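Coordinate analysis (summary)
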Amino acid sequence: MTMEQDRWSRVKGRLRSSVGEDVYTSWFARMDLEGVQDESVRLSVPTRFLKSWIQAHYAERVLSCWQAEMPEVHRIDLTVRSAVRPAAHPKEAPAPVEARRAPTPELRSTATAPVSANHDALGGSPLDPRLTFASFVVGRSNTLAHAAARQVAEGRRGDPVMFNPLYIHAGVGLGKTHLLQAVTWAGNSGNERKVLYLTAEKFMYGFVAALKTQTALAFKEALRGIDVLVIDDLQFLQGKSTQAEFCHTLNALIDAGRQVVIAADRPPSDLESLDDRVRSRLAGGLVVEMGSLGEELRHGILKSRVAAARAHHATFEVPEEVLQYLARTITHNGRDLEGAINRLLAHSKLNNRPVTLEMAEHEVRDLVRPQEPKRIKIEDIQRVVARQYNVSRSDLLSSRRTANVVRPRQVAMYLAKTLTLRSLPEIGRRFGGRDHTTVLHAVRKIEALVSKDTALLEEVESLKRQLQE
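Okay, so let's go over this structure. (Residues numbered from 1 in each chain as written. Predicted model: local features only at pLDDT ≥ 70, side-chain atom pairs only at ≥ 80, totals over all residues. Heavy atoms only, no water.)

1. A few points about unusual backbone geometry
In this chain, Asn164 is followed by Pro165 through a cis amide linkage whose omega measures -5°. Examined against the element boundaries, Pro165 turns out to sit in the loop between helix H6 (143-153) and strand S6 (166-169). Of note in the backbone geometry, Asp233 takes a positive phi value of approximately 55° without being a glycine. Relative to the elements of secondary structure, Asp233 occurs in the loop between strand S8 (228-232) and helix H10 (240-255). Judged by its relative accessible area of 23%, Asp233 falls in the partly exposed class. The phi torsion at Asn390 lies on the positive side, around 60°, for a residue other than glycine. Inspection of the secondary structure puts Asn390 in the loop between helix H16 (378-388) and helix H17 (393-397). (Helix = DSSP H or I, 4+ residues; strand = E, 2+ residues; numbered from the N terminus. Buried < 20%, exposed > 50% of the residue type's maximum accessible area, 1.4 Å probe, protein only.)

2. Here's the deal with the packing of aromatic side chains
By the definition in use, this model includes four aromatic pairs. Seen from their ring centres, Tyr24 and Phe28 are 6.0 Å apart, and the 35° between their planes marks the pair as tilted. On the basis of relative accessible area, Phe28 is assigned to the buried category, the value being 1%. With centroids separated by 5.8 Å and ring planes inclined at 90°, the aromatic side chains of Phe203 and Phe246 adopt a geometry described as edge-to-face. Of this pair, Phe203 sits in helix H8 (residues 200-212) while Phe246 is found in helix H10, placing the two residues 43 residues apart along the sequence. The exposure class of Phe246 is buried, given its relative accessible area of 3%. (Phe/Tyr/Trp six-rings, centres within 6.5 Å; stacked < 30°, edge-to-face > 60°.)

3. Quick notes on the nonpolar core
With 48 residues, the main nonpolar core has Leu166, Leu179, Val230, Phe316, Leu326 and Leu344 as its most contacted residues. Residue-level mapping places this core at the junction of two domains, with at least three residues from each of domain 2 (133-289) and domain 3 (295-364). Apart from residues lying up to four places away in sequence, Val230 is in contact with Leu180, Val183, Thr184, Val195, Leu196, Tyr197, Leu198 and Val261. Counting residues in each nonpolar core, the second largest holds 29 residues, with Tyr389, Phe431, Val443 and Leu463 among its members. (Core = buried A, V, L, I, M, F, W, Y, C linked by side-chain atoms within 4.5 Å. Domains from an automatic or database assignment. Contact = heavy atoms within 4.5 Å.)

4. Quick look at the sheet that holds S8
Strand order across the open sheet formed by five strands is S7-S8-S9-S6-S10, with parallel pairing between neighbours. Here the strands that pair on one side only, and so sit at the sheet edges, are strand S7 (195-199) and strand S10 (286-289). The mean inter-strand angle of the sheet, taken between neighbouring strand axes irrespective of direction, is 15°. Note that S6 and strand S9 (residues 259-264) share four bridges and pair parallel. Bridging from a neighbouring strand, Leu166 pairs with Val261 of S9. Across the sheet, H8 lies against S7 and S8, angled at about 95° from S7, the strand it touches most. (Pairing = 2+ DSSP bridges. Axes fitted to C-alpha atoms, helices over the stretch in contact; angles between N-to-C directions.)

Everything listed is a geometric property; what it means functionally is a separate question.
Here it is in structure tokens:
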């Protein structure tokens, strides 16, 4: 063994004693010595992930361990080794980490600041530059969600967290992703806080990749070093191990006073695939629903999109009567509204014709959908049924078997099955943790009764009308 390798072996021993076996195995087991020259030590690691995080969090530790062996060392050059990487590749040039010539040397990376190191290592999901607070149109259905998101975005490191997590849910195209990306853009506009935006799919991919490359501990440490973690489309989170890691990360961040912001297409209680502990923790923060877009808000979104289009096409004009027609007839979601403006812009520019009401009616005819029925919640059914039969909601969820409670409970279960898309197991869980066979029995019982009991049929139809109004 050469003298350099002998020293490197002792330095690795010091590192192992300093950081512990688990951390050493995750971070330093695959670090190699490339050479020692004058006051500089050249080290290499196999991935950018390891390089970024070691530079940001362990560089001082590595330097001090070398200085214990060689006091004259004042510089660590850390590179990513690759058989196919050109020696002078600009993205992977050695990132020098130098110490000041002082009694207590202080190490700083001149190439990679801690904030970008976090983001390089974790690889956040792509952000759309258009999705900022400036382009978000506020209306009655999203006022609370917008205010909560602004409050999170304007927070500073060290401020007490007002509500954690912030959980926003809404249907497709109602602005969830816009708000979450706006929080990320605003939070990263300065270097004070580390804000990371991940889709649930990206979170799963990152965790699985970390398991495969044996860097799971590093992945966990990187995640838990974030100040604001933003997770989009949580309903797509799958897999027991991934969900368990998400739960641990969620708990670790919240317990440390870090902010978590989450969006999904349904409330926490309806995320049937998630563990009960995760649902409980999500429900313990601020849960905000973004409702459907009212006509006034749709009109505002259309005007905003026209203004954005005019920034690149100054002569593009949409008459007010066309805007009113689109706002009145395109009711499904915000993406359809944006699609309508894009169609009018394309038709106007390609055919060199002004936008007219007749053109609009022709171009967006497939976007005009029949009015969707109101989305009914199980809580609404329980409340309306309890009021109709003069019992309490807790009676419906209890184990009481008296006749004045059993029949309303069965009616409520029947309505939950016929008016919502919830599964039998989920309905049973929402009715005091009952088995799905109990729900099936209730549904069949009421179906049989309404076929021959006119009074009960009228009661059930009345309840349906109340819920759908």
